[in-house]
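Residue strings, one per chain:
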4 protein chains.
Amino acid sequence: METLKNYINGKWEVSKEQSTTDVVNPATQEVMAKVPYGAKTAEDLAKAVEAAQKAFQSWGQMPVMKRVQPLYKLKQLLEDNLEDLAKTITMECGKTLAESRGELQRAIENVEVACGMPVMIQSEFSENIAGGIDEFMIRQPLGVCGCISPFNFPGMIPFWFLPYAIATGNTFVLKPSEKVPLTMQKVFQLIDQLDLPEGVVSLVHGGKETVDAMLDHPQVKAISFVGSSKVAKYIYSRGAANGKRVQAQGGAKNPIVILPDADIEISTQIIADSTFGCAGQRCLAASNIVTVGDKNGTIKESLYESAKKRTTGYGLDEKIEMGPVINQASLKRISTLIDQGVDEGGKVLLDGRNAKISGFEKGNFISPTIIENLPLGGEIVKTEIFGPVISLIELNSIDEALEFVNSNAYGNMACIFTSSGANARKFRSQANAGNIGINIGVAAPMAQFPFSGWNESFFGDLHGQGRHGVEFFTQTKIVVERWPKEWSRKF
Amino acid sequence: METLKNYINGKWEVSKEQSTTDVVNPATQEVMAKVPYGAKTAEDLAKAVEAAQKAFQSWGQMPVMKRVQPLYKLKQLLEDNLEDLAKTITMECGKTLAESRGELQRAIENVEVACGMPVMIQSEFSENIAGGIDEFMIRQPLGVCGCISPFNFPGMIPFWFLPYAIATGNTFVLKPSEKVPLTMQKVFQLIDQLDLPEGVVSLVHGGKETVDAMLDHPQVKAISFVGSSKVAKYIYSRGAANGKRVQAQGGAKNPIVILPDADIEISTQIIADSTFGCAGQRCLAASNIVTVGDKNGTIKESLYESAKKRTTGYGLDEKIEMGPVINQASLKRISTLIDQGVDEGGKVLLDGRNAKISGFEKGNFISPTIIENLPLGGEIVKTEIFGPVISLIELNSIDEALEFVNSNAYGNMACIFTSSGANARKFRSQANAGNIGINIGVAAPMAQFPFSGWNESFFGDLHGQGRHGVEFFTQTKIVVERWPKEWSRKF
Amino acid sequence: METLKNYINGKWEVSKEQSTTDVVNPATQEVMAKVPYGAKTAEDLAKAVEAAQKAFQSWGQMPVMKRVQPLYKLKQLLEDNLEDLAKTITMECGKTLAESRGELQRAIENVEVACGMPVMIQSEFSENIAGGIDEFMIRQPLGVCGCISPFNFPGMIPFWFLPYAIATGNTFVLKPSEKVPLTMQKVFQLIDQLDLPEGVVSLVHGGKETVDAMLDHPQVKAISFVGSSKVAKYIYSRGAANGKRVQAQGGAKNPIVILPDADIEISTQIIADSTFGCAGQRCLAASNIVTVGDKNGTIKESLYESAKKRTTGYGLDEKIEMGPVINQASLKRISTLIDQGVDEGGKVLLDGRNAKISGFEKGNFISPTIIENLPLGGEIVKTEIFGPVISLIELNSIDEALEFVNSNAYGNMACIFTSSGANARKFRSQANAGNIGINIGVAAPMAQFPFSGWNESFFGDLHGQGRHGVEFFTQTKIVVERWPKEWSRKF
Amino acid sequence: METLKNYINGKWEVSKEQSTTDVVNPATQEVMAKVPYGAKTAEDLAKAVEAAQKAFQSWGQMPVMKRVQPLYKLKQLLEDNLEDLAKTITMECGKTLAESRGELQRAIENVEVACGMPVMIQSEFSENIAGGIDEFMIRQPLGVCGCISPFNFPGMIPFWFLPYAIATGNTFVLKPSEKVPLTMQKVFQLIDQLDLPEGVVSLVHGGKETVDAMLDHPQVKAISFVGSSKVAKYIYSRGAANGKRVQAQGGAKNPIVILPDADIEISTQIIADSTFGCAGQRCLAASNIVTVGDKNGTIKESLYESAKKRTTGYGLDEKIEMGPVINQASLKRISTLIDQGVDEGGKVLLDGRNAKISGFEKGNFISPTIIENLPLGGEIVKTEIFGPVISLIELNSIDEALEFVNSNAYGNMACIFTSSGANARKFRSQANAGNIGINIGVAAPMAQFPFSGWNESFFGDLHGQGRHGVEFFTQTKIVVERWPKEWSRKF
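The rules behind the values
Residues numbered from 1 in each chain as written. Chains lettered and ligands numbered in written order. Predicted model: local features only at pLDDT ≥ 70, side-chain atom pairs only at ≥ 80, totals over all residues. Heavy atoms only, no water. Helix = DSSP H or I, 4+ residues; strand = E, 2+ residues; numbered from the N terminus. Rg over C-alpha atoms; globule rule 2.2 N^0.38 Å. Buried < 20%, exposed > 50% of the residue type's maximum accessible area, 1.4 Å probe, protein only. Contact = heavy atoms within 4.5 Å. Areas by Shrake-Rupley, 256 points an atom, 1.4 Å probe, with all protein chains shown as cover. Lys, Arg positive; Asp, Glu negative; His and termini not counted. Charge placed at Lys NZ, Arg CZ, Asp CG, Glu CD. Least-squares fit on C-alpha atoms with pLDDT ≥ 70 in both. Domains from an automatic or database assignment. Buried area = accessible area lost by both parts, 1.4 Å probe. Salt bridge = Lys/Arg side-chain N within 4 Å of Asp/Glu carboxyl O. Polar contact = N/O pair within 3.5 Å; in protein donor to acceptor, adjacent residues only side chain to side chain. Nonpolar A, V, L, I, M, F, W, Y, C, P; charged D, E, K, R; others polar. Pairing = 2+ DSSP bridges. Axes fitted to C-alpha atoms, helices over the stretch in contact; angles between N-to-C directions. Left-handed = near helix turned anticlockwise from the far one by under 90°. Phe/Tyr/Trp six-rings, centres within 6.5 Å; stacked < 30°, edge-to-face > 60°. Lys NZ or Arg CZ within 6 Å of the ring centre and 35° of its normal. 1 Å grid on protein atoms, 1.4 Å probe; cavity = no way out; pocket = protein on both sides within 12 Å on 5 of 7 lines; lining within 4 Å. Points joined across faces, edges and corners; volume = space filled by probe spheres on them. Parallel < 35°, antiparallel > 145°, perpendicular 65-115°, else oblique. Arc of directions from axis to C-beta.

## Topic: the overall build of chain A
Line of reasoning, step 1. Check the secondary structure of chain A and you find 16 helices and 20 strands.
Line of reasoning, step 2. For chain A, the C-alpha radius of gyration of 24 Å lies close to 23 Å, the compact-globule estimate for 491 residues.
Line of reasoning, step 3. Reported as C-alpha extents along the three principal axes, the dimensions of chain A are approximately 90 × 60 × 40 Å.
Line of reasoning, step 4. In chain A, which comprises 491 residues, the share counted as buried stands at 69%.
Line of reasoning, step 5. In chain A, the share of contacts with a sequence separation of at least 24, taken over all contacts with a separation of at least 6, comes to 73%.
Line of reasoning, step 6. Put simply, chain A shows about 15,300 Å² of open surface, and 49% of that area lies on carbon and sulfur atoms.
Line of reasoning, step 7. Mean positive and mean negative side-chain charge positions of chain A (50 and 55 charges, respectively) differ by 5 Å.

Printed below as a string of structure tokens:
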């Protein structure tokens, strides 16, 4: 069984740490690889930072039009290897092939946007801001930037940061989730083919010790994190205590509101995709489905039918519509939360527990599950489940729905389905979340817009993607320049 | 003796706290007022936040073109009352009248820039980002924003934040320095004349307990701070641990490099203004003056002459060029640091200690002081003195100068005086500081540019002033909108 | 009877031209003033340009933060004199006082936006665009800019240009419509109170000869025009032949589409305001009202009622809802067009001709008029009437409506009334016009957005207002700067 | 001998016109191809426009992220075929291989910048611009855009426009110079490999009749032109008379000022490259070299030496430093202008006429030529020569130099060589030209900046490249949107 190597200073290196943890296929329980895991990964991290710091000296000085050239090639390589990468994602993370391809497409789009850095990095110039004085701004890179990415989008999330960080002249150290390190392992084999100086990007495997080492290393200037809210707050807090800039994205409990004037059939299909896509393991998964005025239960019925017919199984099979959750612990936690929902008064309308997938009996499978009648003040409508479980909530007006939406401690996403321009506008203006969908099930911002979590879904101020990426990964330098007239030399 | 009231919810209110501390004129030691100071100021703060939170509900919904109207009037009022305000600054803070007027001018410029918010708050729209889908961003306000301002610019620093915060739709609670609360007391009498809803801006007096109450209050969404680096880091750390966005500006130890190809006479005059302006009590004061290749000591001589003839005294006298430092503790600390410099091997070329100002014998006066021969590895060339004390350092090349500049733990400012375009460019590109001056003694960014401290001079990522102000005081909301063609209703 | 003076080089001057034309109150036929009109106004124009060219030498060099100061004061003066100016507009132009106030408010908003010029004029800077080379852009002013404004918005339209032109450092010569010169005469009395150097703004009265002199003067670098499409094209063509940059806005024939799912009562009230506001004499007046699926005639009925009860009369009376058209020639032309509509098969549903306004029998009054049954291929649905005349057109679907809208040769505005998000989106995306209203009757862009006429409604590329104003009134200067390392001088 | 085909609607087509003109290798006089030339090319043009208009219907609707995909591939194809294309440029246009590669690199950079269109095309959104009203801007494409490109940069200049035009959703018809059609012929063979719908880009050969057909065709909405000033003005004038938007770049007579404090050796080498590069046939060629204070003639001497040793010959030979001029007519015109210079009093310091290039005796060769003593008021210092001819002008101060620079009717470029920051700043601020070089010989803006000709060097307002390209090729559409609260439907 292979133990994964780190990619440091342009070379694949064995970790200093000999302890490992297993990378397990969630559909088959097959151990796919072993990944270094323990205190000595901190030494790996330190070595990667050292190389990154060294590389920064010249990389930060290279003209930006040259720095983006490897990104053009990276786009090509990602496209050329998309199927292979998608398969790896599916195997280590569980999602379907279509979903894996989709997240890679999003990754590529971030590479594309970062190719535009020569324009995006332009800063401001003002002539003659006072008599004979010019003032302007330069955007300079920070130095070594660190990234800690989660298990649910092994192929996409590092790309919310990496392309922007390096295009702006920083160097970059990535610690992927120890649960799904193989996708980035493959991506770094592609990166290895780029014309990038040694040390500009590095990959270091590990767990909490690696993370803490990154948070505490004085040469790491910025931290980008995606994970649970609890850890996000920890990252923000510890990174800040060390004086770093931090962007830390957390979890969510996303509501979708559906009004009767929406096209119910289309809408419920979209909503089912949103809820059960990636087996509910995404920070933009909808999990509270609010129906308004669904007096005849039409919407509920439609959602039920849509959920029921969704095929669960091993994602490598193209016909499969939903894969397993990441591991047994997660499966158990989801099950417990459903029980707790029932204890709170919930009624399980559709029960996906004990899903038996022929040939994959050991897989971490749970089929689409719908609970209704949950109390609004209870725990389950507030708790992130991170599995294919819908809370179905009936309310009587858009105002009640907004009140419910805004009682949420998180703020990643809120969506509405309606044909009414007025209702849509009211919702988009008042919903207390950073990514709003109008007749959209997964309101994931395109790469040119910031992925705008709010409240407990995000700690910091500058998000991933787009212009926020440029701002986060550069520091502004103001130059106030006077060339006194008297100094104009005569000859 | 008057005990200052708070301005909360549009009214002047007596503090809950009965303990006070004195506001003392640093030139005369006259007690000018008493300011609430103690644990119960936390209750005042809570009340102000409550009012601010309430005001936010409607203020945040008001069209931005209406929200800026009071700022136009505020500009007018500040201009009309400039002399009175300047006098107050001089009396409580010590600086000269010219300096007080100057800082008020900078305050007004920030009000002006924030008047442009209807343009600055515009966000991005993309039609048809995918088939039939539009995507756009809205900038919405955060809620209640808190500000903690320092003693050295009582009239200016609150305006790095206040105009941007309220123009973007937030409400704002200011805690001024308890050493210099009178300027803002007067400013809020002007603010009281504006057509601003109750609770949009509040003024709460106090000390550390007030600060902590602000840092811990869950409804305060953002903190703007200016002060020492030690406190700035504390603010950033504690604010972040509470999940807030924070911009915390700290201290500095700013170098100026002077090359022999500069016009020495003009340059040394400018440098003296930079060093001794505000008695050295500003985060952009130059305190390490590096001469390069000054073989004949011409620059040194010129600096010495310029420093020597500077008149120290009570700032209300228009002829005075430098006022006292803020208090006796500060005076003593500066004196101790000079002693320490001598212990390190420094030679006091010009000794401003024991300055006797006729008629103001009790004032906290120290005249311009120059130390030379300090070891580059010693403490004094690294320590912020915050008084009118120059370290004079001789080096042999611009490369040595840059190495010295970049060994600084801070990064507020670095300036160079030269007639050479090549040297200037090299310096501005490589100096590790956020505000660079080329033949400029105080590289203070105009209001439309961010005040860009680096390293230990700043914690966070978005600075005060200009576009950074807009970004800091708004949260981005992304809307992904689809109106399916099929939903285009027929009639 | 007063003959109006020009305002040239900071002084009120008698024109070289002795011939005059009358300024006539359209409600009373009272001659209010005489205005110079003839070939020798070209000499006035030349003199104003000469002064402007001279003033440009120093005005263009003044820091932008100083150049905007007079605009802050101008805002204040316009607000303080708003009632007097509104009355003047009503008296010379005919519209109601409410309408006059409204257009002045729009004027003031443009002054406000131009106050933000220190931010808006910032240009781009890129460090190290190639090894050691920096590149940046400066926005510099053009020189003398000329403006020719129409009769229908005497108080607003000059402000689409003037504040941007002078804030960016140009000097400005305005020729107002000879029909309504009094409003600008009063505005220039306010401008005279500003702290503006002589020659920065000038006012020259006259007619076609004045216009041609402006178009042909080699020192006039840019022309801003608003008027009929025929003249706009002439202006664009002749200005371009003389090498100038030109923005020339023309006429329109604006459609409003109303779907049955709109709130009919509210909508028809808004539409009536749009159609009959300013007696239909505005480039954003709606004149083709398209009903879709109005099978029971509800919309038609509602429009009829709304039109019928509109009170026509002298605008100085606050109760009056619609004033006269500009002159007898216009009145006659409108009447002839209605006749022509009848000849084409149109049926006059509501006939406003021969309106008798007690006490103002000589006024150029025509009451709201509605024609239906006009052939879509006829002349009247295509011809700008510039009077309070609706063509009422019944169609069967939004697609038919869009086809009709896009058959229009103009492209100033297209509006839709609907509650359907899908229909609104389709319309806004596909309607071939530059200003789109969704449930808005007069889709006039706010000052921070360009007034975006399309097709025959606009000639040029950069419109009035907002960022387009900045781009139009500045020329970009690119600086490519290298300071070879070897030139870094040693000492 | 091949007669070139047009590329229309995705296919190579024989022209309707049977008359042709020869494409001649300027070094060998070999006829390389025949190109359609005559009145019937107007029919070809009309056909291309028709196809483009049809293609526009769907291309303009395609999401921008999809529209840029072919540009990524185009970048790759241009890089892969760079040598072949460079050779073609050299053969038909005469410049050296290094120069040909250089211009292709610039072409590729424009493709890269246009790949960033998803960000660049974003427009502005403002929520709640008035109570409950949102306002935003959409950038929509214009339709069919036409381009007329000159002989001197056959590979680069079409790319100042094409990538921006199509990335923004327009369709594009290119008429290359009939003197150098082969480069674009090859480029379109690459374009043919892209996944672009038929009709999106077309290539139509021809001469003046083709141009006029483009200028007059009602479906062509915008014209981009580069050529002589005389023709540029004609294009602007005729295009405007037809109501189109036009950007028309003309000729130049570019000055370089050299001060004695520059490094003379480096500077003169750069200046020689600027002057003699492309045999002086570029709109950024320097032709008036102004020395200031060159009392000992050091600069003059150095320039003379640098010019003298430059090797003239057939560009395909890698050792050759300068190629021939475009044709015999041009050669003769240059010779005549030199004679005229002598008549004016000029002294030919270095005479490149009658250059004999062994093996290429028929080529249009003229070696580097330097004339001195030309009168400043004469014709030759004002006339664009478009050949390798320097006027050497001695002046006494930078003020005199600026006066001379600003007496120029053109305004493409002005450069200065100096080590003085003050002189450089004065020059860049005051020189009346749109592209300024500081110690740069050819101040060509990078692709992300507009190529900013001024005065007679440019007609219009929006230039080629960068953000100006986006603005020129899109029309702004403002949407004012209200969704009345009352319309929020209840259920």
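Okay, back to it.
## What to know about unusual backbone geometry
Residues and elements named next belong to chain D.
Line of reasoning, step 1. Residues other than glycine seldom take positive phi values, yet asparagine 128 does so here, at roughly 55 degrees.
Line of reasoning, step 2. You can call asparagine 128 buried: its relative accessible area is 10%.
Line of reasoning, step 3. Positive phi values are uncommon outside glycine, yet cysteine 278 reaches one of about 55 degrees.
Line of reasoning, step 4. For cysteine 278, the location among the structural elements is in the loop between helix H11 (264-276) and strand E13 (286-292).
Line of reasoning, step 5. Its relative accessible area of 4% is what places cysteine 278 among the buried residues.

## Focus on the relation of the copies chain B and chain A
Line of reasoning, step 1. When chain B is fitted to chain A, the best match, at an RMSD of 0.0 Å, comes from turning it 180 degrees and sliding it 0.0 Å along the axis. Seen this way, the second copy is the image of the first under a two-fold rotation axis.
Line of reasoning, step 2. Most of the interface of chain B is mirrored in chain A, where 100% of its interface residues again form contacts.

## Considering the domain arrangement of chain A
All names here are of chain A.
Line of reasoning, step 1. Domain annotation for chain A reports domain 1 (6-250 + 461-479) and domain 2 (254-438).
Line of reasoning, step 2. Just the C-alpha atoms count here: the centres of domain 1 and domain 2 sit 31 Å apart.
Line of reasoning, step 3. Contacts between domain 1 and domain 2 engage 24 residues on the former and 26 residues on the latter.
Line of reasoning, step 4. For the pair domain 1 and domain 2, the summed buried area comes to about 2,000 Å², and 62% of that belongs to carbon and sulfur atoms.
Line of reasoning, step 5. Considering only the side of domain 1, the residues that lose the most area to domain 2 are Ala27, Gln29 and Phe151, jointly responsible for 23% of the buried surface there.
Line of reasoning, step 6. The interface formed by domain 1 and domain 2 holds one salt bridge in total.
Line of reasoning, step 7. Put simply, arginine 101 and glutamate 318 hold a salt bridge, and the shortest N to O gap is 2.6 Å.
Line of reasoning, step 8. Counting the contacts that link domain 1 with domain 2 gives eight residue pairs in polar contact (both at pLDDT 80 or more).
Line of reasoning, step 9. For the side of domain 1 that touches domain 2, the secondary-structure elements that each account for two or more residues are helix H4 (82-93) and helix H5 (97-115).

## Focus on the side chain of Gln185(A)
Residues and elements named next belong to chain A.
Line of reasoning, step 1. Along the polypeptide, glutamine 185 turns up in helix H8 (residues 182-191).
Line of reasoning, step 2. By relative accessible area, which is 6% here, glutamine 185 ends up buried.
Line of reasoning, step 3. Not counting chain neighbours up to four residues away, the residues in contact with glutamine 185 comprise Leu4, Lys5, Trp12, Leu203 and His205.

## Details of the interface of chain C and chain D
Line of reasoning, step 1. With 71 residues of chain C at the interface, the matching set in chain D holds 71 residues.
Line of reasoning, step 2. Where chain C packs against chain D, one counts four salt bridges.
Line of reasoning, step 3. Measuring nitrogen to oxygen at the nearest pair gives 3.8 Å for the salt bridge that ties Glu124(D) to Arg467(C).
Line of reasoning, step 4. In terms of residue count, the dominant contributor to the side of chain C that touches chain D is strand E20 (residues 474-482) of chain C (eight residues).
Line of reasoning, step 5. Grouping the amino acids of the side of chain C that touches chain D by side-chain chemistry returns 34 nonpolar, 23 polar and 14 charged.
Line of reasoning, step 6. Judged from the four bridges that link them, strand E18 (residues 435-438) of chain C and strand E20 (residues 474-482) of chain D form a sheet pairing that is parallel. What sits directly across from Ile436(C), in E20(D), is Val479(D).

## Points about the packing of helix H9 (residues 208-216) of chain A against helix H10 (residues 229-241) of chain A
How two helices sit against one another is set out by the angle between their axes and by the gap between those axes.
Residues and elements named next belong to chain A.
Line of reasoning, step 1. Put simply, H9 and H10 touch, their axes get as near as 9 Å, and they point 35 degrees apart. Between H9 and H10 the crossing geometry is right-handed. Contacts between H9 and H10 involve Lys208, Val211, Asp212, Leu215 and Asp216 on the former and, on the latter, Tyr234, Ile235, Arg238 and Gly239.

## Things to note about the pairing of strand E6 (residues 133-141) of chain D
Residue and element names in this part refer to chain D.
Line of reasoning, step 1. Within E6, nine of the nine residues are buried, leaving the element largely enclosed by the surrounding structure.
Line of reasoning, step 2. Here E6 shows no split at all, with Ile133, Glu135, Met137, Arg139 and Pro141 on one side and Asp134, Phe136, Ile138 and Gln140 on the other all buried.
Line of reasoning, step 3. Linkage of strand E5 (residues 123-130) to E6, two consecutive antiparallel strands, is achieved through a turn of two residues, within which glycine 132 is found at a positive phi near 75 degrees.
Line of reasoning, step 4. When E6 meets E20, the two strands line up antiparallel, connected through nine bridges. Bridging from a neighbouring strand, isoleucine 133 pairs with arginine 482 of E20.

## Description of the packing of aromatic side chains
Line of reasoning, step 1. For the coordinates displayed, the defined rule picks out 42 aromatic pairs over all chains.
Line of reasoning, step 2. Relative to Phe386(B), the ring of Phe151(B) lies with its centre 5.9 Å away and its plane at 80 degrees, an arrangement referred to as edge-to-face. Of the two residues, Phe151(B) is situated in the loop between strand E7 (144-148) and helix H7 (162-167) and Phe386(B) in the loop between strand E15 (369-372) and strand E16 (389-395); the sequence distance between them amounts to 235 residues. Both residues of the pair, Phe151(B) and Phe386(B), count as buried.
Line of reasoning, step 3. Every member of this aromatic cluster is reached through a ring pair, and the members are Phe125(A), Phe136(A), Phe125(C) and Phe136(C).
Line of reasoning, step 4. A cation sits over an aromatic face here: Lys95(C) above Phe153(C), 3.6 Å from the ring centre.

## Remarks on empty space enclosed by the protein
Line of reasoning, step 1. By volume, the second largest cavity is sized at about 140 Å³.
Line of reasoning, step 2. Around the second largest cavity sit 19 residues that line it, and Cys115(A), Gly116(A), Val113(D), Cys115(D) and Gly116(D) are the ones nearest its centre.
Line of reasoning, step 3. Every element with two or more residues in the lining of the second largest cavity is listed here: H5 and helix H6 (117-120) of chain A together with helix H5 (97-115) and helix H6 (117-120) of chain D.
Line of reasoning, step 4. Broken down by class, the residue content of the lining of the second largest cavity amounts to 15 nonpolar, two polar and two charged.

## Here's the deal with the packing of helix H14 (residues 398-406) of chain C against helix H15 (residues 421-430) of chain C
Residue and element names in this part refer to chain C.
Line of reasoning, step 1. Orientation of H14 relative to H15, taken along the N-to-C sense of each, is 20 degrees, at an axis distance of 11 Å. Here H15 runs roughly parallel to H14, going by the angle between their axes. As for how H14 packs across H15, the hand of that crossing is right-handed. Residue-level contacts link Ile398, Asp399, Leu402, Val405 and Asn406 of H14 to Asn423, Lys426, Phe427 and Gln430 of H15.
Line of reasoning, step 2. The residue inventory of the contact of H14 with H15, partitioned by class, reads four nonpolar, three polar and two charged.

## Some words on helix H12 (residues 298-308) of chain A
All names here are of chain A.
Line of reasoning, step 1. Within the span of H12, buried status applies to Ile299, Ser302, Leu303, Ser306 and Ala307. Seen along its axis, H12 keeps its buried residues to an arc of 130 degrees; they face one direction.
Line of reasoning, step 2. In this fold, the buried residues of H12 make contact with strand E12 (254-258), helix H11 (264-276), strand E13 (286-292), strand E14 (347-350), strand E15 (369-372) and strand E16 (389-395).

## Observations concerning the pattern of salt bridges
Side chains bearing opposite charge may pair, as long as their charged atoms lie close to each other.
Line of reasoning, step 1. For the structure on display, the rule yields 104 salt bridges over all chains.
Line of reasoning, step 2. One salt bridge connects Glu103(A) with Lys95(A), and the closest N-O pair in it is separated by 2.7 Å. Both residues of the pair, Glu103(A) and Lys95(A), count as buried.
Line of reasoning, step 3. The salt bridge involving Asp134(D) is made with Arg425(A); its shortest N-O contact spans 2.5 Å. With one member in each of two chains, Asp134(D) in strand E6 and Arg425(A) in helix H15 (residues 421-430) form a pair that bridges those chains.
Line of reasoning, step 4. Asp134(D) sits in the buried class, given a relative accessible area of 0%.
Line of reasoning, step 5. You can call Arg425(A) buried: its relative accessible area is 11%.
Line of reasoning, step 6. Among the charged side chains, a salt-bridge network with shared partners connects Asp134(A), Glu481(A), Arg425(B), Arg428(B), Asp134(C), Glu481(C), Arg425(D) and Arg428(D).

## Remarks on the interface of chain B and chain A
Line of reasoning, step 1. Residue-level contacts link 70 residues of chain B with 70 residues of chain A.
Line of reasoning, step 2. It is Phe449(B), Asp461(B) and Trp487(B) in chain B that bury the most area against chain A; as a group they hold 13% of the surface buried on that side.
Line of reasoning, step 3. Counting the contacts that link chain B with chain A gives four salt bridges.
Line of reasoning, step 4. Between Arg428(B) and Glu481(A) there is a salt bridge, with its nearest N and O atoms 3.2 Å apart.

## Considerations on the environment of Lys87(B)
All names here are of chain B.
Line of reasoning, step 1. Within the secondary structure layout, lysine 87 lies in helix H4 (residues 82-93).
Line of reasoning, step 2. For the pair formed by lysine 87 and alanine 329, sequence separation is 242 residues and the distance between their alpha carbons is 24 Å.
Line of reasoning, step 3. Not counting residues up to four positions away in its chain, the partners in contact with lysine 87 are Leu97 and Leu316.

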